[in-house]
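# Structural overview for review
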Amino acid sequence: MPGLSEWAVRRPVIALISWVLALGAVIGLGVQFGGTLNDSFELPNTESSAAQDLLTRSNPDGEFGGSARLVWSPETGEATAPGVLRTMRPLLTTIAELPSVSCVTVPGGTSLGTNCPPEPAGFDQAALAQLPADQQASIASAAQAFATATAPVSRDGRVAYSSITFTGNEVSNEDARTILDAVAAANGNGLTVGINGQVLEFAGQEPPSSEAIGLAVAIVILLIAFGSLVAAGLPIVVAIVGLAMGQMAVLVVAQFMDVATFAPTLAAMIGLGVGIDYALFIMNRYRQALLAGHTPRKAAIEAVHTAGRAVLFAGGTVIIALLGLFVLGLNFFNGLAVAAGVTVLAVMLSALWMMPALLSLLGTKALALRLPWGKKAGSGEPEGRAWARYARLLQRRPIIPALLAAGLVLTLAIPALSLRQGFADDSGKPEGSSARIAYDLMAQGFGPGVNGPFYVAVEVQPNDIEAYGKVVTGLANTAGIASTLPSPQMLPLVALNPQSLGADGTVGTIMVVPDSAPQDEATTALLDRLRDEVNPAIEAETGTQIYVGGSQAVIADFTQVLVDALPLFLAVVVGLGFLALALLFRSIVVPLTAAITSLMSFAAALGITVAVFQWGWFAGPLGISGTGPIAPFLPIMVFAILFGLAMDYQVFLASRMQEEWARTGDNATSVRRGLAGSGRVVVIAAAIMSSVFLAFVPSTNATVKLFGIALASAVLIDAFVVRLVLVPSLMSLLGRANWWLPAWLARRLPKIQIEPGADEVADDVPPAVPEGRAPVQV
């Protein structure tokens, strides 16, 4: 790759033309052969997936289109009073007439829509009259229990709901916006109305402006740092062009893999941040050389041989960390990993191909359009004197800053010990939103568990209604369960229905409603108790097989899959990252320090996330309306991203330290001048990256806000506490051991010639360089 960058410097016009052709080819492939994004998600070999398979088998002709629930409650009186229904009727009609809607139920009335299922047939009264009186009474009681349990009206009559069935699993933005606007308009005048449903989750939302905010902040930071409009603009332009190539490459990946619909957004978030950082690092090294009086060509060659090499390895570690998601064995993460990986590859290529060519063409004009604080090329003013003084301050008593930094990081990590994983539900939505209103009204009218029921699949011998009934009774009598559908009182009615055990008579279904809310720990404990204690006992008695499914069960299984895979994931990602840095630095201690401190940064970021989203610290100022478990994919994703970024900063710092070690052979001088040369660029890079992530915090989407806070805190801690305090202090303590490598390994690893750059950075004292010393072969 350095050969590519050096060629771009020596043949800039040809290099730019070839880059444009490569960019055009990728864009053409994306436009012509790009696949379709989809949120296909499977959890193989889990109980919830087995339950879903059985439920599908029992009703193979069932329609599984998207659905939503419209809930309302008047300030006074009953929700189905004639006056209230007259008010609700226009809203229900408006929704039913939309092209995306197939049916809307009406409490106590005829359903609206073009594809509503037929009303269930009543009993054959003549046949019923022939039964014994006690059996007639039993069936009538069961029918009454069924009617009460399935009525879309709360027992006190204060809350009612309509079920909305859509023609497919997606709703057009126009129809979704119409539904949400109509629901919002219906609120008021003594009526509270809400609607929720996954198909409406992101419908009608305005395109987020977070990327634009992050980009604007990045421009301001670069202007302050470089004091030149051209120098500040180059990293932005290079990153955006590389990001465009990456986004097209994501569409090509979608042709061969399942790629989630949010993957391009996540890839853009990562790609924009690292793309600016990579171009910034090369630009910063080029600028340092120009300020020291080097010719533009020499400065560009030096930048690609040093900073370019660091960018290559930094980008490689990010891609390794992302591809480590393959360890999880889930298609959902595989597509996500490749999508983000190709985006990082594209922005890295842009920095190593397009950036050197531009620098070669522009020459000293790369620092043109200077602001008052900008420096002129050839000014002979090496930078970093303040950073060198800071490094010497650390080196006076390195054990003190090392302990303080480690203590701070470990203290921030303490909340992570109480991490509880799961997915946020509508109880975490902003108060006053349609989804939050619907959630609260349903809990108020029907109990908290109605918002997250379990769906149980019971596999029985053909037409064994008796065994099925025992399962129903056993579950209904279990502590922590508010109700089941069917209930034990409904079993006489179930026995009359030939379809009660599905199409082949071997699978029965039961809806189980907990008496606690979906996010309550009691609900998770109930699920564990059902699977570990209650169901095995019932199975032993009845000879059935019981599988618990439903959204809450899927969440629990998903969480367990990720928890089980986490140790292997960490081992693979950290291990491969260690090997890459060992190859780069020809050292054991430097990559080991990087790996351990990266885990510390991850723990601290996770601790902050738990404190904010689970404990509720600073929830008000951050716009967080509710607390709850942490999304189970967040630790995996944050670590994959953070480890790559942490390695970026480690490479930026340690590569300059390695250059100084090769030149001087003095560890203290190497650490000090390494900070003088790269400390500033790490601060700039971290400030830009954290700004990009913090720009997502104001989002009203809880998951986006979660990622914004987690990633921003991770970058800030890793850069400003770990890389700029803890790591230099530890390297000062370890001395020459930092650069130790076993002789047998040294003979086998490739040797890399480090370019000297002594005149590009200042020091608080003149460096002691042995006379006639040749560069160290590392």
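Just above sits the structure.
Definitions and cut-offs
- Residues numbered from 1 in each chain as written.
- Predicted model: local features only at pLDDT ≥ 70, side-chain atom pairs only at ≥ 80, totals over all residues.
- Heavy atoms only, no water.
- Helix = DSSP H or I, 4+ residues; strand = E, 2+ residues; numbered from the N terminus.
- Buried < 20%, exposed > 50% of the residue type's maximum accessible area, 1.4 Å probe, protein only.
- Contact = heavy atoms within 4.5 Å.
- Axes fitted to C-alpha atoms, helices over the stretch in contact; angles between N-to-C directions.
- Parallel < 35°, antiparallel > 145°, perpendicular 65-115°, else oblique.
- Left-handed = near helix turned anticlockwise from the far one by under 90°.
- Nonpolar A, V, L, I, M, F, W, Y, C, P; charged D, E, K, R; others polar.
- Phe/Tyr/Trp six-rings, centres within 6.5 Å; stacked < 30°, edge-to-face > 60°.
- Lys NZ or Arg CZ within 6 Å of the ring centre and 35° of its normal.

## Some words on the side chain of Gln650
- Counting through the fold element by element, Gln650 comes out in helix H21 (residues 633-664).
- Overall, the relative accessible area of 1% leaves Gln650 in the buried class.
- In this structure, Gln650 is in contact with Leu581, Phe585, Val590, Ala594, Ser655, Arg723 and Val727, ignoring residues within four places of it in sequence.

## A word on the packing of helix H16 (residues 465-476) against helix H18 (residues 521-542)
- Relative to each other, H16 and H18 sit at 150 degrees, their axes nearing to 10 Å. Regarding the angle of H16 to H18, the classification is roughly antiparallel. Considering how the two elements wind past one another, H16 and H18 form a crossing that is right-handed. Every residue of H18 that contacts H16 at Ala467, Lys470, Val471, Gly474 and Leu475 is listed here: Leu530, Val534, Asn535, Ile538, Glu541 and Thr542.
- Here the contact of H16 with H18 is built from residues that sort into six nonpolar, three polar and two charged.

## Concerning the packing of aromatic side chains
- Using the criterion set out here, one finds nine aromatic pairs in the structure.
- A ring pair is formed by Phe602 and Phe639, whose centres lie 5.1 Å apart and whose planes are at 70 degrees; its orientation type is edge-to-face. Linking Phe602 in helix H20 (residues 589-614) with Phe639 in helix H21, this pair joins segments that are 37 residues apart in sequence.
- Through a chain of ring-to-ring contacts, three or more aromatic side chains come together here, namely Phe569, Phe602, Phe639 and Phe643.
- In this arrangement the basic side chain of Arg69 is found over the ring face of Tyr161, its NZ or CZ atom lying 5.7 Å from the centre.

## Re the environment of Ile213
- For Ile213, the location among the structural elements is in helix H8 (residues 210-226).
- A sequence separation of 479 residues divides Ile213 from Val692, and the C-alpha atoms of the two residues are 7.4 Å apart.

These values are about where atoms sit, not about what they do.
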